[in-house]
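Residues per chain are reported as follows:
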Amino acid sequence: MLNKRVLTFATAFSVVALALFILWQVNEVVIYFLLSLILGAIIRPFADYLKGKSRIQAILSIVGLLLILAGLGYLLYLSFMRLSKEVNLLVNTISNLKRWFLPVWLERLGFARTLLELLPPPGELFEIATNDGGKILMPVLQNLSSNLITIVSGLVVIIFLSLYWTGSQDHFERLWLSLLSVERRQKARTIWRQIDASLGDYGRFLIVKFFLTWALISVAVFYLRSPYPVLLGLGVAFANLLPVIGIVVALLFTLAIGLLSSILFYPWLLAFVLVVLTLLRIFVWPKLYQDRWDAPILRLLFLLIIGETMGLRWLILAPPLAIAAQIIWNSLAANLRKASQPVQGIESLKKHKQQLSEAINELEEAPPALVSNLTRLSSLLEEAQQYLDQTI
């Protein structure tokens, strides 16, 4: 008996290890699959909206959505054209800087002056990176271009897969639920629907958060005479997506852009970015998204793990995986709490009914009315159990 159990555990461990090894070897396929599920959860409300419309209304809604996306795409095109000019200006500025420029308010800090004295001038750093035909810079640019091609091609696959999952949600759920036992399917479906709805809400919130932050910061610093409004807004928007440390990283990025621009950099620009991000966090984000699964430390931990194991381009998976892990853990913890609590509800009724049945069986002549009531109670308990299995 012991040998059989050892063999069973060894077989199960081997199967799990083999599955993890296969998934690791095809990690990009798994990641594309997960990203398609996330994108499908984001666009599912629109698909559900189309289901209740006539064909003409559905076509008009799709055309309207495509026009909106085309307008946003054109705005992104203009932004990236401006971004390329700003990057070119920043590179030219860095290459011509012979020393680090510190604002007056920062020069008063002794550690800042000491730190910059240890660093070579920005122009020398640029010359080192571009010397010998760009031996240092060229591999970085080649890697960046190959990653961009991979991301674009992967994005096409993710979009088509997400459209398929959205259009055949019931079929997809029946497919993977068939792998579970019958008594666990309803609970698994409930958990999956909760994860899907939470991922959709959070994904839409992140998209709105990113573009709204980018637009506000870019427009504001443009009127504040910054030479890099689009670049600064883009960097702050990306940094603001980070949990816990987002505002700090955004301020450091703002400071770095200011120090590399060789213009007079005042602290009120940092103060302005801090005020805008703080006001958005206090007044705007809670209105757009009620975070039931608020675990910023867990999201930061997932960011660090995924960034170290899979690379920076897959960091987008960290927040959804953190939400899914928290929902699954809360469900398992609820089941454990129920198991540790005293028997209540229908289970308590079943226990009392069993005790009553044993007491009646001990009687030599049980009253017919009592036996009839006990039979009726048994049928009612069975009907109640069937109803709970279907609804819970």
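Residues numbered from 1 in each chain as written. Predicted model: local features only at pLDDT ≥ 70, side-chain atom pairs only at ≥ 80, totals over all residues. Heavy atoms only, no water.

Draft legend 1. Expanded view of the overall build of the protein chain. Scanning the protein chain for helices and strands turns up 16 helices and zero strands. In the protein chain, which comprises 392 residues, the share counted as buried stands at 30%. In the protein chain, the proportion of contacts linking residues at least 24 apart, taken out of those at least 6 apart, comes to 66%. Here the protein chain has roughly 26,200 Å² of accessible surface; of this, 69% comes from carbon and sulfur atoms. (Helix = DSSP H or I, 4+ residues; strand = E, 2+ residues; numbered from the N terminus. Buried < 20%, exposed > 50% of the residue type's maximum accessible area, 1.4 Å probe, protein only. Contact = heavy atoms within 4.5 Å. Areas by Shrake-Rupley, 256 points an atom, 1.4 Å probe, with all protein chains shown as cover.)

Draft legend 2. The packing of helix α9 (residues 182–223) against helix α12 (residues 267–288), seen in detail. The contact between α9 and α12 brings their axes to 11 Å, and the two run at 150°. Regarding the angle of α9 to α12, the classification is roughly antiparallel. Seen along the crossing, α9 lies across α12 with a hand that is right-handed. Facing α9, whose interface residues are F205, V208, K209, L212, T213, L216, I217, A220 and V221, α12 presents L269, F272, V276, L277, L280, V284, W285 and L288. Looking at side-chain class alone, the contact of α9 with α12 contains 15 nonpolar, one polar and one charged residues. (Axes fitted to C-alpha atoms, helices over the stretch in contact; angles between N-to-C directions. Parallel < 35°, antiparallel > 145°, perpendicular 65-115°, else oblique. Left-handed = near helix turned anticlockwise from the far one by under 90°. Nonpolar A, V, L, I, M, F, W, Y, C, P; charged D, E, K, R; others polar.)

Draft legend 3. Looking closely at the pattern of salt bridges. Within this structure, the stated rule accounts for four salt bridges. Two residues, R44 and D196, come together in a salt bridge whose shortest N-O distance is 2.6 Å. With R44 in helix α2 (residues 27–51) and D196 in helix α9, the pair connects residues that are 152 residues apart, well separated along the chain. Taking the relative accessible area as the measure of exposure, D196 reaches 9% and is therefore buried. A salt bridge links R204 to D201; its shortest N-O distance comes to 2.5 Å. Placement of both R204 and D201 in helix α9 is noted, with a separation of three residues, approximately one turn of the helix. (Salt bridge = Lys/Arg side-chain N within 4 Å of Asp/Glu carboxyl O.)

Draft legend 4. Layout of a nonpolar patch on the surface. On the surface, I62, L65, L66, I68, L69, L72, Y74, L75, Y77, L78, F80 and M81 cluster together into a nonpolar patch covering about 1,200 Å² of accessible area. Along the polypeptide, L65 turns up in helix α3 (residues 55–96). When its relative accessible area of 31% is taken as the criterion, L65 is described as partly exposed. (Patch = residues over 30% accessible without salt bridge, like charges linked within 9 Å, V, L, I, M, F, W, Y side chains within 5 Å.)

Draft legend 5. Examining the side chain of S36 more closely. If you trace the backbone, S36 turns up in helix α2. Within polar-contact distance, the side chain of S36 engages the backbone oxygen of F33 at 2.5 Å. In this structure, S36 is in contact with I158, L161, S162 and W165, ignoring residues within four places of it in sequence. (Polar contact = N/O pair within 3.5 Å; in protein donor to acceptor, adjacent residues only side chain to side chain.)

Draft legend 6. Summary view of helix α10 (residues 229–240). With twelve residues, α10 should reach 16 Å at 1.5 Å per residue; the first-to-last C-alpha distance of 16 Å fits that figure. With eleven of twelve residues buried, α10 lies mostly within the body of the structure. If you check which residues of α10 are buried, you get P229, V230, L231, L232, G233, L234, G235, V236, A237, A239 and N240. Those residues of α10 that are buried are in contact with α3, α9, α11 (246–260) and α12. (Expected span 1.5 Å × (residues − 1).)

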